[in-house]
Protein chains: 2
Amino acid sequence: MGIHNRILLAVDLHPDYDEYTTQRAVAFAKEQNAQLYIIHCIEPIHAYGAAQGYQLILEVEKQVEDEANKALSELAKQYNIPEEQQIIMQGPPQRVIVEQAKTLNADLIIVGEHGRHGFSLLFGSTADGIIHHAHCDVLAIRAQEEKKAE
Amino acid sequence: MGIHNRILLAVDLHPDYDEYTTQRAVAFAKEQNAQLYIIHCIEPIHAYGAAQGYQLILEVEKQVEDEANKALSELAKQYNIPEEQQIIMQGPPQRVIVEQAKTLNADLIIVGEHGRHGFSLLFGSTADGIIHHAHCDVLAIRAQEEKKAE
């Protein structure tokens, strides 16, 4: 058993997302003999004063959620992560990830950098917020240099 | 071999520093079968306009450095980290740690939270800066809850 037994991996399902970070995170969890949970957060669409289009926004949100479910399930299948360890939640990523780690009693949160652009929704201020508010360890996985330079 | 082969562990040698983070970092490095380097940064004393007392400041800096060397060497001895893997450097911790990781071709930097106060020189904005500027992965190790609550 490693020093981490329950790991929560936060993934960014953006179509440009490089899978290198997921691969390394999964390899890392296996090394540690840890139980690996995978989470994706959907940020609510900001639409103040969109009274006329509100129904449309709800439909878009539903569509985004369906696609996220499909993408997460495909990703998880690739790495043999069972369905009960796949989590999709709506809300601000920082808060949702920190809360979920606590609920799962995770001892490590992994966030990955975005391959293509060198950052991601889960890096930058979100990673900072997670480090400051998480009750557990946090591992930030950097993208491959050559991928970033592309 | 783990996903990390060369690890740079940044330590805070403050007398209140809780060794729990060091213990976990060392256990982690052993698990990964990695080569572990240990670094301590000494921040220069800010003394603008201290023309009259400049000699005194240099003496204090020398004393701080000597004590840091002694403390790091004792800590390293406890964990069987050889002398050539012990590093003391002067300068702003964030910059020094990031540069040193690059020089050593480290693939992981570990920073630890302070046990007693729940933060340390190496947490907070320094950890943020390291995550944003490091070329490699960064693991932030949280202090024990019961220690923080003391």
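Anything mentioned here points back to the structure above.
Parameters and conventions
Residues numbered from 1 in each chain as written. Chains lettered and ligands numbered in written order. Predicted model: local features only at pLDDT ≥ 70, side-chain atom pairs only at ≥ 80, totals over all residues. Heavy atoms only, no water. Helix = DSSP H or I, 4+ residues; strand = E, 2+ residues; numbered from the N terminus. Contact = heavy atoms within 4.5 Å. Axes fitted to C-alpha atoms, helices over the stretch in contact; angles between N-to-C directions. Left-handed = near helix turned anticlockwise from the far one by under 90°. Nonpolar A, V, L, I, M, F, W, Y, C, P; charged D, E, K, R; others polar. Least-squares fit on C-alpha atoms with pLDDT ≥ 70 in both. Buried area = accessible area lost by both parts, 1.4 Å probe. Salt bridge = Lys/Arg side-chain N within 4 Å of Asp/Glu carboxyl O. Polar contact = N/O pair within 3.5 Å; in protein donor to acceptor, adjacent residues only side chain to side chain. Pairing = 2+ DSSP bridges. Buried < 20%, exposed > 50% of the residue type's maximum accessible area, 1.4 Å probe, protein only. Core = buried A, V, L, I, M, F, W, Y, C linked by side-chain atoms within 4.5 Å.

(A) Local environment of the overall build of chain A. Helix and strand counts for chain A stand at five helices and five strands. Going residue by residue from the N terminus, the α and β elements of chain A occur as β-α-β-α-β-α-β-α-β-α. By sequence separation, contacts in chain A at least 24 residues apart represent 80% of the contacts at least 6 residues apart.

(B) Main features of the packing of helix α3 (residues 93-104) of chain B against helix α4 (residues 125-133) of chain B. Residues and elements named next belong to chain B. One way to put it is that α3 packs onto α4 with a least axis distance of 9 Å and a crossing angle of 35°. You can see that α3 and α4 cross each other, and the crossing is right-handed. For the pair formed by α3 and α4, the contact residues are Pro93, Gln94, Ile97 and Val98 on the first element and Ser125, Thr126, Gly129, Ile130 and His133 on the second. Of the residues in the contact of α3 with α4, the class split is four nonpolar, five polar and no charged.

(C) Focus on the relation of the copies chain A and chain B. Note on the identical chains: chain A maps onto chain B by a rotation of 180° and an axial translation of 0.0 Å, with an RMSD of 0.0 Å. The superposition operator between the copies reduces to a two-fold rotation axis. Distance from the rotation axis, computed per C-alpha, reaches its smallest value in chain A at Leu139(A): 2.1 Å. Of the interface residues in chain A, 100% have counterparts in chain B that sit at the interface too, so the contact is made through matching surfaces.

(D) Representation of the interface of chain A and chain B. The interface is formed by 25 residues belonging to chain A together with 25 residues belonging to chain B. Across the chain A to chain B interface the summed buried area is about 2100 Å²; carbon plus sulfur atoms make up 50%. By the criterion of area lost to chain B, the three top residues of chain A are Ile3(A), Ile131(A) and Arg142(A), representing 29% of everything that side buries. Applying the counting criterion to the chain A and chain B interface returns two salt bridges. Asp137(B) serves as the salt-bridge partner of Arg24(A), at 2.8 Å between the closest nitrogen and oxygen. Joining chain A to chain B, the criterion identifies 17 residue pairs in polar contact (both at pLDDT 80 or more). Contributions of two or more residues to the side of chain A that touches chain B are made by α1 (20-31), α4 (125-133) and β5 (137-141) of chain A. A per-element tally of the side of chain A that touches chain B places β5(A) first, with five residues. In terms of residue class, the side of chain A that touches chain B is made up of 13 nonpolar, six polar and six charged. For β5(A) and strand β5 (residues 137-141) of chain B, the ladder comprises three bridges, and the chain directions are antiparallel. The residue of β5(B) that forms the bridge with Ala140(A) is Val138(B).

(E) Seen up close, α4(A). Within α4(A), burial applies to Thr126(A), Ala127(A), Asp128(A), Gly129(A), Ile130(A) and Ile131(A). Next to the buried residues of α4(A) lie α3 (93-104), β4 (108-112) and β5 of chain A together with α4 and β5 of chain B.

(F) Up close: the nonpolar core. Core analysis: the largest hydrophobic core is formed by 42 residues, its most contacted members being Leu8(A), Ile109(A), Leu8(B) and Ile109(B). With near-sequence residues (within four places) excluded, Leu8(A) lies in contact with Tyr37(A), Ile39(A), Ile87(A), Ile97(A), Gln100(A), Ala101(A), Leu104(A), Ala106(A), Leu108(A), Ile109(A) and Ile110(A).

(G) Just the pairing of strand β2 (residues 35-42) of chain A, in detail. Residue and element names in this part refer to chain A. A large share of β2 lies buried, amounting to seven of its eight residues. Of the pairings in the sheet, the one linking strand β1 (residues 6-10) to β2 comprises five bridges and is parallel in character. Bridge pairing in β2 links Arg6 to Gln35.

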